[in-house]
Amino acid sequence: RKQTDLNKAWDLYYHVFRRIYKQLQQMQSLELHYVSPNLETASDLELCIPGQYRPNAPLVRIKGFTKILKVISSKQRPRRLTIRGSDGPDYK
């Protein structure tokens, strides 16, 4: 009886896992509040945008983050976060 219950539970888990896995493979974007609520609410930070520091030039600080992350279609499916700069443009 215990073995039968265990097998049923495993089958249910595996079925749900496969459905979620298939859906994740098709996703092209993620909403930031699901990934990191702290980043979604962060604004006007004292941090310089990575790669934008230049000696003797005005600092470009992080003003905020876009609400959508792009999922890049590759084997590891990395996410691209866009940062809004204090100078106006968005940085990827």
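See above for the structure.
Residues numbered from 1 in each chain as written. Predicted model: local features only at pLDDT ≥ 70, side-chain atom pairs only at ≥ 80, totals over all residues. Heavy atoms only, no water.

J.: Looking at this model, I keep getting lost on the nonpolar core. Mind explaining?
T.: For soluble globular proteins, the rule of thumb is that nonpolar side chains tend to be buried together. In this structure, Leu30, Leu32, Ala42, Ile49, Val60, Ile62, Phe65, Leu69, Val71, Ile83 and Tyr91 together form the largest nonpolar core, which totals eleven residues. Breaking this core down by element, the ones donating at least two residues are β2 (62-65) and β3 (68-71). What Ile49 contacts, discounting residues up to four positions off in sequence, is Val60, Arg61, Ile62, Ile83, Arg84, Gly85 and Tyr91. (Core = buried A, V, L, I, M, F, W, Y, C linked by side-chain atoms within 4.5 Å. Buried < 20%, exposed > 50% of the residue type's maximum accessible area, 1.4 Å probe, protein only. Helix = DSSP H or I, 4+ residues; strand = E, 2+ residues; numbered from the N terminus. Contact = heavy atoms within 4.5 Å.)

J.: Please clarify how the sheet that holds strand β1 (residues 29-31) should be interpreted in this entry.
T.: Each strand in a sheet pairs with another by means of backbone hydrogen bonds, the pair being arranged parallel or else antiparallel. Pairing is antiparallel in the open sheet, where three strands are placed in the order β1-β3-β4. The sheet is open, and its two edges are formed by β1 and β4 (79-80), each paired on a single side. Here β1 pairs with β3 via three bridges, running antiparallel. Looking at β3, one finds that Glu31 is bridged to Ile68. (Pairing = 2+ DSSP bridges.)

J.: I'm lost on the pattern of salt bridges in this one. Help?
T.: Close approach of charged atoms lets side chains of opposite charge pair. This model, assessed by the stated rule, comprises three salt bridges. Between Asp44 and Lys63 there is a salt bridge, with its nearest N and O atoms 3.4 Å apart. Placement of Asp44 in the loop between α3 (37-41) and β2 and of Lys63 in strand β2 is noted, with a sequence separation of 19 residues between them. Under the relative-accessibility criterion, Lys63 is labelled partly exposed at 43%. In this structure, Arg61 engages Glu46 in a salt bridge whose closest nitrogen and oxygen atoms are separated by 3.4 Å. Here Arg61, found in the loop between α3 and β2, pairs with Glu46, found in the loop between α3 and β2; they are 15 residues apart in sequence, far enough to count as distant. (Salt bridge = Lys/Arg side-chain N within 4 Å of Asp/Glu carboxyl O.)

These values are about where atoms sit, not about what they do.
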